[in-house]
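Working through the structure, step by step
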Amino acid sequence: MFINMKNATKWRYRTSMVSVLLMVLSISMIAVKGLNWGLDFTGGVVTEIQIKPEITSSEIGPLMDAAMKQDVAVISASEPGRWVLRYAAPEAGQELQDVSTILAPLHSKVEVLNTSIVGPQVGAEMANQGGMAILVAMLCILGYLSYRFEWRLAAGSLFALLHDVVFVLGFFAATQMEFNLTVLAAVLAILGYSLNDSIIIADRIRELLISKPNQDTETTNNQAIAATISRTMVTSGTTLITVGALWLLGGGPLQGFSIAMFIGIVTGTWSSISVGTTLPEYLGLKPEHYMPKPISEEP
């Protein structure tokens, strides 16, 4: 694929500046608004019911929302007519409402199979474990990049990963969409996806630095992008189609996951091409950093 080298350089620099601004904005949103933690992290009530199979979640949801005065997650269970309802626990001094009474207008016989309460202590523990999972993943990626690439090239890939994660968290903070375990799983998946794109481009840059040591780094980066962009666009495009179908057809329980994945794939492709190549150039990446060091003669 033909890319005008001068235009590619300008495009990389400008999009990198946009990425930095978006990161600052995302961090500001996280600091000011914070994340809207779901019941997985804050605790709440989980009720499993059995009702007539013909009744759908679009009928159960509005009745539960109106009665509980909150958004109630209605999740399909393993069998037809079996549903899992998730909602915040009542305040101190208030009793749990009878779900069978609330859903009586839909069917006279609503069987409540079980009801369990997840305390805030368990939710806080899950939040800590989720944060630890992201931290361990980032440390493992940092170790891998440090082993595989010279630190300037590794820094570009690492910053691109941070950009993608921070942007997704900033989006959820700005929109106040529920941040639950499925979204956390999406964040971890984004780390792996973005790392794959960054490594492919970084590998190509390293090859060109070795094969063309007399070429300036700016041209080398542009050639690396030109050599990998068709593969990157095809991979990202097909993945976006799959995630888009999941977004449209997966329903409410998978909405947060699919939205996070969609944003992560777009920003991951963008940052791998722009940030992942511009930062090493800014840090002074040169072909001699990948040239074999001369062996000093012993006296």
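Residues numbered from 1 in each chain as written. Predicted model: local features only at pLDDT ≥ 70, side-chain atom pairs only at ≥ 80, totals over all residues. Heavy atoms only, no water.

**Some words on the overall build of the chain**
- Scanning the chain from terminus to terminus reveals ten helices and six strands.
- Counting across all 299 residues of the chain, residues that qualify as buried make up 40%.
- Entry remark: accessible area of the chain is about 16,000 Å², with carbon and sulfur atoms responsible for 63%. (Helix = DSSP H or I, 4+ residues; strand = E, 2+ residues; numbered from the N terminus. Buried < 20%, exposed > 50% of the residue type's maximum accessible area, 1.4 Å probe, protein only. Areas by Shrake-Rupley, 256 points an atom, 1.4 Å probe, with all protein chains shown as cover.)

**Describing unusual backbone geometry**
- Even without a glycine there, the phi angle at lysine 69 is positive, about 55°.
- Residue class for lysine 69 comes out exposed when judged on its relative accessible area of 77%.
- One non-glycine residue, glutamine 176, lies in the positive phi region at around 60°.
- With respect to the element layout, glutamine 176 can be found in the loop between α6 (151–175) and β6 (178–179).
- Using a relative accessible area of 33% as the deciding quantity, one classes glutamine 176 as partly exposed.

**Describing the pattern of salt bridges**
- On inspection of all chains with the given rule, the structure shows six salt bridges.
- A salt bridge links arginine 204 to glutamate 207; the nearest nitrogen and oxygen atoms lie 3.1 Å apart. Of this pair, arginine 204 and glutamate 207 are both found in helix α7 (residues 181–211), three residues apart, which corresponds to roughly one turn of the helix.
- For arginine 204, a relative accessible area of 31% gives the class partly exposed.
- Accessibility expressed as a relative area gives 43% for glutamate 207, which makes it partly exposed. (Salt bridge = Lys/Arg side-chain N within 4 Å of Asp/Glu carboxyl O.)

**Comments concerning the packing of aromatic side chains**
- One pass over the structure, following the stated rule, counts four aromatic pairs.
- Between the aromatic rings of phenylalanine 172 and phenylalanine 179, the centroid separation amounts to 6.2 Å while the plane-to-plane angle is 90°, which identifies the pairing as edge-to-face. We note that phenylalanine 172, like phenylalanine 179, is buried.
- Joined through ring pairs, the aromatic side chains of Trp37, Phe171, Phe172 and Phe179 make up one cluster. (Phe/Tyr/Trp six-rings, centres within 6.5 Å; stacked < 30°, edge-to-face > 60°.)

**Focus: the sheet that holds strand β4 (residues 82–87)**
- Taken in spatial order, the four strands line up as β3-β4-β2-β5 in an open sheet, and their pairing is antiparallel. If you trace the sheet from one side to the other, it starts and ends with β3 (73–76) and β5 (111–118), each paired once. Within the sheet, the average angular offset between the axes of one strand and its neighbour, ignoring direction, is 20°.
- Strand contacts of helix α3 (residues 57–68): β3 and β4, with the helix running at about 30° to β4, the strand carrying the most contacts. (Pairing = 2+ DSSP bridges. Axes fitted to C-alpha atoms, helices over the stretch in contact; angles between N-to-C directions. Contact = heavy atoms within 4.5 Å.)

**What about the nonpolar core?**
- If you look at the biggest cluster of nonpolar residues, it comprises 41 residues, and the most contacted ones within it are Leu145, Phe149, Val168, Phe172, Phe179 and Ile205.
- Elements with a minimum of two residues in this core: α5 (120–148), α6, α7, α8 (217–249) and α9 (255–273).
- Residues contacting phenylalanine 172, with those up to four places away along its chain left out, are Leu35, Met177, Glu178, Phe179, Val183, Gly256 and Ala260.
- Counting residues in hydrophobic clusters, the runner-up holds 16 residues, among them Ile51, Ile55, Val99 and Val110. (Core = buried A, V, L, I, M, F, W, Y, C linked by side-chain atoms within 4.5 Å.)

**A short note on the environment of isoleucine 27**
- Its place among the elements puts isoleucine 27 in helix α1 (residues 5–32).
- Taking relative accessible area as the criterion, isoleucine 27 reaches 46% and is therefore assigned partly exposed.

**A short note on the pairing of β4**
- Where strand β2 (residues 44–50) lies against β4, six bridges are found, and the strand directions are antiparallel. Of the residues in β4, the one forming a bridge with valine 45 is tyrosine 87.

Read these as layout, nothing more, since geometry by itself doesn't imply function.
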